[in-house]
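# Commentary on secondary and tertiary structure
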Amino acid sequence: MNTAFILENELVKLVPLKKEHTKELWPIAQQVDLYQYGSNDVSTIDKLENYIETALTEAKQEKSIPFTIYNRTTNECVGSTRFGNIDQKNMVLHIGWTWISPATRGTGFNHQMKFLMLSYAFEKMGFEKVEFRIDERNMRSRKAVEKLGASLEGILRKNVITKSDFRRSSCCYGILKEEWADIKQVKFKDFI
């Protein structure tokens, strides 16, 4: 599996995550609270380094493909994302572990980034399904995934421990390969 590729359009550039990106990601990590809804914590430089190390280890094991995200118009690093839980046998993967700078949120940046990732997963990698798992309480992320055309498939009850040992429930969303052509035409018509 090729894990050393770049995805880009006029606005977004996703480059393979490297340890060297720690310095660029640290200012953004200080602005986000990943641990509020998820089990990841990047609140200190050590925790960010561990987060990156885990992502790189999973990449070596072909379980994930992590990226550093850049805004091409400003050449600024704005966050991180990845393909994860890669299941080659069943041809299913997750898109997630996404965190972007607060200034980037609500600008359409995430929508363009997800278009790049979905296109690559279905059209280049040949996956049959892309999944998203989102904290049931995280309405902003849920609405963003719904805008992509993903369907809510169910809720895993109290399956992830987050901040203060809170057990969250995860909403499971998915897009099937056979749905992609229509979703692409309707939800991403401005990008094709």
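Throughout this document, residue positions are counted from 1 along each chain, in the order its sequence is written. Given that this is a predicted model, residues contribute local features only at a pLDDT of at least 70 and side-chain atom pairs are listed and counted only at 80 or more, while totals for whole chains, interfaces and linings are drawn from all residues. With hydrogens and water stripped out, all remaining heavy atoms of the structure feed into the side-chain values.

### Overview of the pattern of salt bridges
Just so we agree on the cut-off: When a carboxyl oxygen of Asp or Glu lies within 4 Å of a side-chain nitrogen of Lys or Arg, that pair is called a salt bridge. Numbering of helices and strands starts at the N terminus; helices are DSSP runs of H or I of at least 4 residues and strands are runs of E of at least 2. Burial classes follow relative accessibility: with a 1.4 Å probe on protein chains only, a residue under 20% of its type's maximum area counts as buried, one over 50% as exposed, and anything between as partly exposed.
Following the criterion strictly, the structure yields 10 salt bridges and no others. Salt-bridge contacts for R82 lead to E58; the nearest nitrogen and oxygen are separated by 3.4 Å. Residue R82 is located in strand β4 (residues 76-87), and its partner E58 is located in helix α2 (residues 45-60); the two are separated by 24 residues in the primary sequence. Residue class for R82 comes out buried when judged on its relative accessible area of 3%. Three or more residues are tied together by salt bridges with common partners; here these are K129, E131, R133 and E153.

### Considerations on the packing of helix α1 (residues 22-29) against α2
Going by this rule: To obtain each axis, a line is fitted to C-alpha atoms, and for helices this fit is confined to the stretch in contact; angles are then taken between N-to-C directions over 0 to 180 degrees. Roughly parallel means an angle under 35 degrees; roughly antiparallel means over 145; roughly perpendicular covers 65 to 115; every other angle is labelled oblique. In this scheme the handedness of a crossing depends on how the near helix is turned from the far one: anticlockwise by less than a right angle means left-handed, clockwise means right-handed. Contacts are assigned to residue pairs that have any heavy atoms within 4.5 Å of one another. Lys, Arg, Asp and Glu make up the charged group, whereas Ala, Val, Leu, Ile, Met, Phe, Trp, Tyr, Cys and Pro make up the nonpolar group; the residues left over, Gly among them, are polar.
Contact geometry for α1 and α2: axes closest at 10 Å, N-to-C directions at 120°. Taken together, α1 and α2 sit at an angle that is classed as oblique. Seen from above, α1 lies across α2 with right-handed handedness. On α2, the residues that touch T22, L25, W26 and A29 of α1 are I45, L48, E49 and I52. Class assignment of the residues belonging to the contact of α1 with α2 gives a composition of six nonpolar, one polar and one charged.

### Structural notes on the side chain of K184
For clarity, the cut-off: Under the rule applied, a polar contact is a pair of N or O atoms within 3.5 Å (in protein, one hydrogen donor and one hydrogen acceptor; residues adjacent in sequence only if both atoms are side-chain atoms).
By secondary structure assignment, the location of K184 is in helix α5 (residues 177-187). The exposure class assigned to K184 is buried, which follows from its relative accessible area of 18%. In this structure the side chain of K184 is engaged in a polar contact, spanning 2.8 Å, whose partner is the side chain of E123. If we skip the residues at most four places from it in the chain, K184 touches F115, E123, K189 and I192.

### Quick look at the state of the cysteines
Note the cut-off: Note on terminology: disulfide denotes any pair of cysteine sulfur atoms within 2.5 Å.
According to the stated counting rule, one finds zero disulfides in the structure shown. C171 takes part in no disulfide bond, and the closest cysteine sulfur to it belongs to C172, at a distance of 7.5 Å. Judged by relative accessible area, which is 0%, C171 ranks as buried. With relative accessibility at 13%, the residue C172 sits in the buried group.

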